[in-house]
Amino acid sequence: MNNITSFEQLPVTLKADEVAAVLGISRANAYTLMRSDGFPTIHIGKRMIVPRDKLIEWIDAQVSV
């Protein structure tokens, strides 16, 4: 994830460690966020992933102008 310079370079879906790296938070906080209401997480069995485009939309929605 060190060579990523734009959202387009991210994988189509992100795991918790990738979400943590993008947002600059700990992996534990990424899991907490991914379990929270309103965060765009897809649950596949016990696996949780976040679609890149939905993560970008969520980030945009968090910005207060």
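Residues numbered from 1 in each chain as written. Predicted model: local features only at pLDDT ≥ 70, side-chain atom pairs only at ≥ 80, totals over all residues. Heavy atoms only, no water.

Observations regarding the nonpolar core
Stage number 1. Core analysis: the largest hydrophobic core is formed by 13 residues, its most contacted members being Leu14, Val19, Met34, Phe39, Val50, Leu55 and Trp58.
Stage number 2. Of all the elements in the fold, those that place two or more residues in this core are helix H1 (16-23), helix H2 (27-34), strand S3 (47-51) and helix H3 (52-62).
Stage number 3. Once residues lying within four places of it in the same chain are set aside, the contact partners of Met34 are Ala16, Val19, Phe39, Thr41, His43, Met48, Ile49 and Val50. (Core = buried A, V, L, I, M, F, W, Y, C linked by side-chain atoms within 4.5 Å. Buried < 20%, exposed > 50% of the residue type's maximum accessible area, 1.4 Å probe, protein only. Helix = DSSP H or I, 4+ residues; strand = E, 2+ residues; numbered from the N terminus. Contact = heavy atoms within 4.5 Å.)

What to know about the sheet that holds S3
Stage number 1. Pairing within the open sheet is antiparallel, and its three strands lie in the order S1-S3-S2. Each having just a single partner strand, strand S1 (13-14) and strand S2 (42-44) make up the two edges of the open sheet.
Stage number 2. Sheet topology note: the S2/S3 ladder contains three bridges and is antiparallel. Residue His43 lies in a different strand from S3, and its bridge partner there is Met48. (Pairing = 2+ DSSP bridges.)

Regarding the packing of aromatic side chains
Stage number 1. If you walk through the whole model with that rule in mind, you get one aromatic pair.
Stage number 2. Taken together, a centroid distance of 4.8 Å and an interplanar angle of 75 degrees make the contact between Phe39 and Trp58 edge-to-face. Separated by 19 residues along the polypeptide, Phe39 in the loop between H2 and S2 and Trp58 in helix H3 bring together distant segments of the chain. (Phe/Tyr/Trp six-rings, centres within 6.5 Å; stacked < 30°, edge-to-face > 60°.)

Things to note about H2
Stage number 1. For H2, the complete set of buried residues consists of Ala30, Leu33 and Met34. The arc enclosing the buried residues of H2, seen along the axis, measures out at 95 degrees, which places them on a common side. Structural note: H2 exposes Ala28 and Thr32 on the side pointing more than 90 degrees away from its buried face.
Stage number 2. Those residues of H2 hidden inside the fold are in contact with H1, S2, S3 and H3. (Arc of directions from axis to C-beta.)

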